[in-house]
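Geometric and topological summary
If you want the building blocks of each chain, they are given just below.
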Amino acid sequence: MRLPIRGLVLAALLVPGAAMAQSVTPEQATQLRQQLNDWIAGLLGPSVKLPPLPLKVTAAGDHYDLSLPILGLEVPKGDPAMAAELRPLSGGRWSLEKARFPSAGSFTISVPETGAGPSGPMKGSYTVGKQDLQWTIDPSFASPSTSHSVVEALAIAMDGPNRHQEEHIDRMSGEAALTPGKNGRLDVKSEATVEGWKSAALEDNKPAMAFGARRIHMTSQAEGINREHAADLTRAVAGLISAMPNGPEKHDGKADMSPLAKAQLRLMIAAMEDMVSSVSVRESFDDMQIEIAGKGGATVKHLQFGFGGDAPDKTLHAWLDIGFDGVDSPTMPPKLATYLPKHFEIKPTLSGVPTSVLKKLAMDLSEDDPAKHPMGPDVAAIFASGGAVIGLETLSFDLGPATLKGTGDVTVTSPTTWRGQAHVVATGFDELTTEAKGNPDLQQALPVLVMMRGLAKPDGDKLVWDIASEGPKLTVNGMDMSALAGGGKETPRQPGAKPSRQPGAKP
């Protein structure tokens, strides 16, 4: 079984032995259509019963013309189908060219009841301008498979109960590559750019919210993809969707999955073990605008979001990266808007948890009888290999004239015990405190600022806080803060006695 990756789905459909052809025959077209139907059936597994793929394959000189009807799509003229040309290349490779969707269409979707928003039927329509979609595919995975896509002037409108939403994109472009890696595994990289994105919604015929960005950039990477496990995951996902077409069942007012759906969920969990060596995703927005009716609006010069992880030695290491620059809000009072962070970045991490423990926990959570699969031993196992480590690789933000930066980590050895340390440095803190004294909007923050200043250790033009904690005990620059932190009673010191921990000391 082969792995479908984004636009490279056809890489798994075509037989590796296909030869370069000067002209293709109707018999070859019929054979190819059957191969595609057989691949779909094998991909989804026996639990999902679908009619044969309504794909039209026609011999056209040195290539095949493909046409796949899009179910439920209505178009002003022509066929509601995706069309493309499939051309055999040397070495058993294929080129999928001139792929295109109908330039306009309408459809209806049903949104299930979730309690989180509008539900019921929603009618949609779209128009699209330029389309340039191409793939080069090696079904044997002996050489790279690549994709290229450009879409311009895409507009989508959705109408539902008391809601109307429109979205427009000036231009979307993307590149992706699937390459052979080590030990028969695969690596995939993709990059996409969206320009001129605008989205607006009306509720009860009144403006609700609007978003926009001059540019959105996305990158993703996965290394060491296990093709067999990825195929197992695809079949399990398809089986789960087939087992619960209308969402979770409700018993006594609570949503619950059927035994068949839970079985498919457990297959998904099993397939995810050792499915990929590492993964990372990053996304950024430039010149973003946000407007919420009745609340106000804001602009962000740059917003970034990323996450990823790997499992060296079968131990999880995961990270999250969030940051922004240049925040402004014309609807806020000017004296208060001055203190909006112009820069903020935080990157927390999690490590030290065996992946086998996470798999066991997920499996037990999906079982029907909690008494036979208690969570207690699973939770205890999370900390049994030295503890789970929660790190803070980066913390940086400004507040008016002040800038704070920090790093730290905490090792959790049980739900009630831990040890950790952090190092925080600030500049401009005294200026911020002075401004807070004369600004009524910051009066509530003044006691906190005064307390922080009293705990700080001067270092030139900087203030430093070295924080240490072990169990419930907490110290800041060597001063025991356990009583204030709720970790126990503070022990009085005799006059002239040294602090219980020297400034900057680690636990």
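Quantities reported herein were computed from a predicted structural model and do not represent experimental measurements.

1. As for the overall build of the chain
The secondary structure content of the chain amounts to 9 helices and 24 strands. The burial tally for the chain puts 35% of its 507 residues in the buried class. Looking at the chain alone, contacts between residues at least 24 apart form 56% of all its contacts between residues at least 6 apart. As displayed, the chain has an accessible area near 28,200 Å², and 59% of this comes from carbon and sulfur atoms.

2. Remarks on helix α2 (residues 227-243)
Taking 1.5 Å per residue as the helical rise, α2 with its 17 residues ought to reach 24 Å, and the 24 Å between its terminal C-alpha atoms agrees with that figure. For α2, the full list of buried residues reads Arg227, Ala230, Ala231, Leu233, Ala236, Ala238, Gly239, Leu240 and Ala243. Two to three positions downstream of the cap, the backbone nitrogen of Glu228 sits 3.1 Å from a side-chain oxygen, assigning the N-cap of α2 to Asn226.

3. Some points on a nonpolar patch on the surface
Taken together, Leu350, Ile390, Val410 and Trp418 make up a surface patch of nonpolar side chains, about 300 Å² in accessible area. You can see Leu350 is positioned in strand β17 (residues 343-354).

4. Regarding the packing of aromatic side chains
Scanning the model with the defined rule gives 6 aromatic pairs in all. Seen from their ring centres, Phe305 and Phe307 are 6.0 Å apart, and the 55° between their planes marks the pair as tilted. Accessibility expressed as a relative area gives 36% for Phe305, which makes it partly exposed. Judged by centre distance (5.4 Å) and plane angle (20°), the rings of Phe324 and Phe344 are stacked.

5. A closer look at the pattern of salt bridges
One pass over the structure, following the stated rule, counts 19 salt bridges. A salt bridge links Arg214 to Asp287; the shortest N-O distance between them is 2.6 Å. Here Arg214 is found in strand β11 (residues 206-225), whereas its partner Asp287 is found in strand β14 (residues 278-292), with 73 residues between them in sequence. Between Arg282 and Asp321 there is a salt bridge whose closest N-O contact spans 3.6 Å. Residue Arg282 is located in strand β14, and its partner Asp321 is located in strand β16 (residues 315-328); the two are separated by 39 residues in the primary sequence. Residue classification places Asp321 among the buried residues on the basis of a relative accessible area of 8%. Put simply, Asp62, Glu85, Arg87, Glu97 and Lys98 are held in one network by salt bridges that share partners.

6. Comments concerning the nonpolar core
Across soluble globular proteins, nonpolar side chains show a tendency to be buried alongside one another. Counting residues in each nonpolar core, the largest one holds 33 residues, and the members touching the most others are Val57, Tyr64, Leu66, Leu86, Leu96 and Trp197. By size, the runner-up hydrophobic cluster in this structure holds 17 residues, among which are Leu442, Leu449, Leu455 and Met481.

7. Some points on the side chain of Asn439
Position of Asn439 among the secondary structure elements: in the loop between α7 (429-438) and α8 (446-455). Note on Asn439: relative accessible area 8%, which makes it buried. When near neighbours in sequence (up to four residues on either side) are disregarded, Asn439 contacts Lys335 and Tyr339.

8. Topic: the environment of His63
Within the element layout of this structure, His63 appears in strand β2 (residues 63-69). Once the C-alpha coordinates of His63 and Leu89 are considered, the two residues, 26 residues apart in sequence, prove to be 9.9 Å apart. Side-chain polar atoms of His63 contact the side chain of Asp65, separated by 3.1 Å.

9. What to know about the packing of α2 against helix α3 (residues 259-272)
Two elements in contact, α2 and α3, have axes whose closest approach is 8 Å; the angle formed by their N-to-C orientations is 165°. If you check the angle between α2 and α3, you find them roughly antiparallel. Relative to α3, α2 is oriented so that their crossing is left-handed. The segment α2 lies against α3, with His229, Asp232, Leu233, Arg235, Ala236, Val237, Gly239, Leu240 and Ala243 engaging Leu260, Ala261, Gln264, Leu267, Met268, Ala271 and Met272. Of the residues in the contact of α2 with α3, the class split is 11 nonpolar, 3 polar and 2 charged.

10. Details of the confidence of the model for the chain
Confidence in the prediction for the chain averages 84 pLDDT; 85% of positions are at 70 or higher. Within the model, pLDDT remains below 50 along residues 1-22, and this stretch shows 60 contacts once partners closer than five positions in the same chain are excluded. Low confidence marks residues 488-507, where pLDDT is under 50. Its contacts with residues over four positions away, or in another chain, come to 30 contacts.

Rules used in this analysis
- Residues numbered from 1 in each chain as written.
- Predicted model: local features only at pLDDT ≥ 70, side-chain atom pairs only at ≥ 80, totals over all residues.
- Heavy atoms only, no water.
- Helix = DSSP H or I, 4+ residues; strand = E, 2+ residues; numbered from the N terminus.
- Buried < 20%, exposed > 50% of the residue type's maximum accessible area, 1.4 Å probe, protein only.
- Contact = heavy atoms within 4.5 Å.
- Areas by Shrake-Rupley, 256 points an atom, 1.4 Å probe, with all protein chains shown as cover.
- Expected span 1.5 Å × (residues − 1).
- Polar contact = N/O pair within 3.5 Å; in protein donor to acceptor, adjacent residues only side chain to side chain.
- Patch = residues over 30% accessible without salt bridge, like charges linked within 9 Å, V, L, I, M, F, W, Y side chains within 5 Å.
- Salt bridge = Lys/Arg side-chain N within 4 Å of Asp/Glu carboxyl O.
- Phe/Tyr/Trp six-rings, centres within 6.5 Å; stacked < 30°, edge-to-face > 60°.
- Core = buried A, V, L, I, M, F, W, Y, C linked by side-chain atoms within 4.5 Å.
- Axes fitted to C-alpha atoms, helices over the stretch in contact; angles between N-to-C directions.
- Parallel < 35°, antiparallel > 145°, perpendicular 65-115°, else oblique.
- Left-handed = near helix turned anticlockwise from the far one by under 90°.
- Nonpolar A, V, L, I, M, F, W, Y, C, P; charged D, E, K, R; others polar.
- pLDDT = per-residue confidence, 0-100.

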